[in-house]
Amino acid sequence: MKNFRDIEQLSSYLDGQLSPSESARLESRISSDPELASAYNDIRAARGILRKLPARKAPRTFTLTRQMVGLKPPLPRSYSVFRFSTTFATFLLMLTFAANAIAPNMRLGMGAVAPAAQESYSLCNGCGGGPAATEAPMAAAPAPETGIVPTQMPSVISADSAREVGTPTAEASMPKDSGNESVSQDQPEVKGEALIPVLWQIVLLSLGLVSGLVMFVMRRAAMQKWK
Amino acid sequence: MDEPALIQTAQRGDLDSFNTLILHYQDMVFHTALRILGDEDQAADAAQEAFISAFRSIATFRGGSFKAWLMRTVTNACYDELRRQKRRPTTPLEPDTEDGEEMDSPRWLADPNMTPAQQSEADELEHAIQHCLDELPTDFRTVVVLADIQGMDYSEVATAARVPLGTIKSRLARARLRLRECLRGFEELLPSSFRLEEERNS
């Protein structure tokens, strides 16, 4: 067996891959070296056998269908506009529902926080030293007679009494009281009113539905045209 | 067939143009896959996969030999199939003896790649050659199939197999030598011209 470099050269020579000078040198070696000539014949024989192998025909046709390659029908350019409007309208609609669901709770929360703050304030007055503190328990006494809602009562009364006394603490609490009053008066009205009007929701819903319908029709038409 | 024009339109997504190319190349693609895989069903699957993959990536074809580019897709599909086989190897069913044990005949032990059925089929030259091809390492087999069976030149084979030209030369030489050794076992099947070479050599 010749060395592998010789075998490689013989193989390349068979395929006409050697330069004329290399070919001439190899040819002279083949004619003078029986072992090299034998290797040459072996390789040529193997190559010849493979080339004689009959070509096999495909058992079926391999042509592709649109489904096989996942092709989709070409859609008109305006399709993307409708797709955007459907998505955007749906998003806004969800947002309006969320806003309407959250807004009343937030207002209620704010309304609940204010009286609690007042209560703690009046309690503090009761427990702390100073003139206002001495007045607060006395002022709390007539509350049941006036018939005011208990949550509002202590602070209002304490404010009135504080005003009479004219202490700095009472003066400071006055704006708070007036603000709380207005909130507590508004509360029942806000509860029944949505943040985003229902009309807007209907408009957004209609927009989403119409755009979606147009998209569906466009896709259907493109599919039929494609077929 | 105006191949460049068909390729161009196929690159724009025209399936009909690509199908025309398929009809032109399908026999060659199937035959290549068959010689690499050695099984008709697997070769048909690999050919179909290769065409699907070729259509999806035809936009990446930047000129040159379309045949070589297509053959690269085919060899990739065949390698995928061979990898799949490696992951899920199949054990050939062997006949049981009267005691219910698997028969291990000396002939089978001597040649584990050929079942009795295959042995009888190997009486034909084609099966003998296929058997010898199957004995080659996959990389060698691919090169020899592309160069000697499909008649592609070295640069086309290098493109299809994605290896340098020097590697192609060396693999081809080794593959031819091994094939020659293997085919010696089927001398009686070989064509007379081949046998004459043998006689001349001896």
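Residues numbered from 1 in each chain as written. Chains lettered and ligands numbered in written order. Predicted model: local features only at pLDDT ≥ 70, side-chain atom pairs only at ≥ 80, totals over all residues.

Can you walk me through the overall build of chain A in this structure?
Within chain A, the secondary structure is distributed over ten helices and zero strands. Each helix and strand of chain A, placed in order from N terminus to C terminus, yields the pattern α-α-α-α-α-α-α-α-α-α. Looking at chain A as a whole, 17% of its 227 residues are labelled buried. Intrachain contacts of chain A at a sequence separation of at least 6 include 70% that bridge at least 24 residues. (Helix = DSSP H or I, 4+ residues; strand = E, 2+ residues; numbered from the N terminus. Buried ≥ 20, exposed ≤ 12 C-beta atoms within 10 Å, placed from the backbone. Contact = placed C-beta atoms within 7 Å.)

Please clarify how the overall build of chain B should be interpreted in this entry.
Each helix and strand counted, chain B has eleven helices and zero strands in total. The linear arrangement of helices and strands in chain B, starting from the amino end, is α-α-α-α-α-α-α-α-α-α-α. Across the 202 residues of chain B, 36% fall into the buried class. Long-range pairs, those at least 24 residues apart, make up 56% of the contacts in chain B with a sequence separation of at least 6.

How do you make sense of the packing of helix α8 (residues 138-149) of chain B against helix α10 (residues 165-183) of chain B when you look at a structure like this?
Any two packed helices are characterised by how steeply their axes cross, that is the angle between the axes, and by the distance between the axes. Residues and elements named next belong to chain B. At a closest axis distance of 9 Å, the pairing of α8 and α10 adopts a crossing angle of 95 degrees. Taken together, the axis directions place α8 and α10 in an arrangement best described as roughly perpendicular. Here Asp-139, Phe-140, Val-143, Val-144 and Ala-147 of α8 come into contact with α10, specifically with Ile-168, Arg-171, Leu-172, Arg-174, Ala-175, Arg-176 and Leu-179. Looking at the contact of α8 with α10 residue by residue, the classes come out as eight nonpolar, no polar and four charged. (Axes fitted to C-alpha atoms, helices over the stretch in contact; angles between N-to-C directions. Parallel < 35°, antiparallel > 145°, perpendicular 65-115°, else oblique. Nonpolar A, V, L, I, M, F, W, Y, C, P; charged D, E, K, R; others polar.)

I tried to follow the interface of chain B and chain A on my own but got confused; where do I start?
As a measure of interface size, the accessible area lost when the parts come together is often cited. Between chain B and chain A, the contact holds 39 residues from the first and 34 residues from the second. Secondary structure elements with two or more residues in the side of chain B that touches chain A: α2 (15-37), α3 (40-56), α7 (125-135), α8, α10 and α11 (192-201) of chain B. Broken down by element, the residue count for the side of chain B that touches chain A peaks at ten residues, all from α2(B). Here the side of chain B that touches chain A is built from residues that sort into 23 nonpolar, six polar and ten charged.

Would you take a moment to explain unusual backbone geometry for this structure?
Where the residue is not glycine, phi is negative for most of them; where a peptide bond is considered, it is trans in most cases. All names here are of chain B. The residue Arg-162 is not glycine, and still its phi comes out positive at about 55 degrees. Tracing the sequence through the fold places Arg-162 in the loop between α9 (154-161) and α10. On the basis of neighbour count, Arg-162 is assigned to the exposed category, with 10 C-beta atoms found within 10 Å.

What am I meant to see in the confidence of the model for chain B here?
Detail in the predicted coordinates should be disregarded across regions flagged by low pLDDT. All names here are of chain B. The predicted model of chain B has a mean per-residue pLDDT of 82, with 77% of residues at 70 or higher. Long-range and interchain partners of residues 103-110, a stretch whose pLDDT sits below 50, account for five contacts in this model, where long-range means more than four residues apart. As a predicted assembly, this complex carries a pTM of 0.61 together with an ipTM value of 0.75. (pLDDT = per-residue confidence, 0-100.)

Explanation requested: α3(B) in the structure shown.
Note: α-helices contain 3.6 residues per turn, so residues at a spacing of three or four share the same orientation. Given a rise of 1.5 Å per residue, 17 residues ought to cover 24 Å, and the 24 Å separating the end C-alpha atoms of α3(B) matches this to within 8%. Residues B:Ala43, B:Ala46, B:Ala47, B:Gln48, B:Ala50, B:Phe51, B:Ala54 and B:Phe55 constitute the buried set of α3(B). Tucked inside the fold, the buried residues of α3(B) contact α4 (66-69) of chain A together with α2 and α4 (66-87) of chain B. (Expected span 1.5 Å × (residues − 1).)

When you look at the environment of B:Gly63 in this model, what are you seeing that I'm missing?
Along the chain, B:Gly63 turns up in the loop between α3 and α4. Each C-alpha atom, one on B:Gly63 and one on B:Ile7, is 9.4 Å from the other, the two residues being 56 residues apart in sequence.

Is there a simple way to explain the nonpolar core in this structure?
Here is a general trend for soluble globular proteins: nonpolar side chains tend to be buried in one another's company. Membership of the largest hydrophobic core comes to 63 residues, with the highest contact counts inside it found for B:Ala33, B:Ala47, B:Val74, B:Val143 and B:Val144. It is α2(B) that contributes the most residues to this core, eleven residues altogether. (Core = buried A, V, L, I, M, F, W, Y, C linked by C-beta atoms within 7 Å.)

Hey, could you run me through the packing of α2(B) against α4(B) in this one?
Residues and elements named next belong to chain B. Their axes nearest at 10 Å, the elements α2 and α4 cross at an angle of 35 degrees. Read as a crossing pair, α2 and α4 show a hand that is right-handed. Contact residues: α2 offers Tyr-25, Val-29, Thr-32, Ala-33, Ile-36 and Leu-37, while α4 offers Leu-70, Met-71, Val-74, Thr-75, Cys-78 and Glu-81. Class assignment for the residues of the contact of α2 with α4 results in nine nonpolar, two polar and one charged. (Left-handed = near helix turned anticlockwise from the far one by under 90°.)

Can you help me understand the environment of B:Ser53 in this one?
Residues and elements named next belong to chain B. Secondary-structure assignment places Ser-53 in helix α3. Taking the C-beta count within 10 Å as the criterion, Ser-53 has 16 such neighbours and is therefore assigned partly exposed. Ser-53 has contacts with Thr-73 and Ala-77, leaving out every residue within four places of it along the chain.

I would appreciate a short explanation of the confidence of the model for chain A in the present structure.
All names here are of chain A. Chain-level pLDDT for chain A is 72 on average; 60% of the residues reach the 70-or-more range. The lowest-confidence element of chain A is helix α6 (residues 131-140), averaging 44 in pLDDT; the highest-confidence one is helix α2 (residues 20-32), averaging 93. Throughout residues 120-124 the model reports pLDDT below 50, and contacts reaching past four residues in sequence, or to other chains, amount to six contacts. Across residues 126-186, confidence stays below pLDDT 50; counting only partners more than four residues off in sequence or on other chains, it has 59 contacts.

Looking at this model, I keep getting lost on the environment of A:Ser206. Mind explaining?
In this structure, A:Ser206 sits in helix α10 (residues 198-226). Residues A:Ser206 and A:Ala89 lie 117 residues apart in sequence; the distance between their C-alpha atoms is 8.8 Å.

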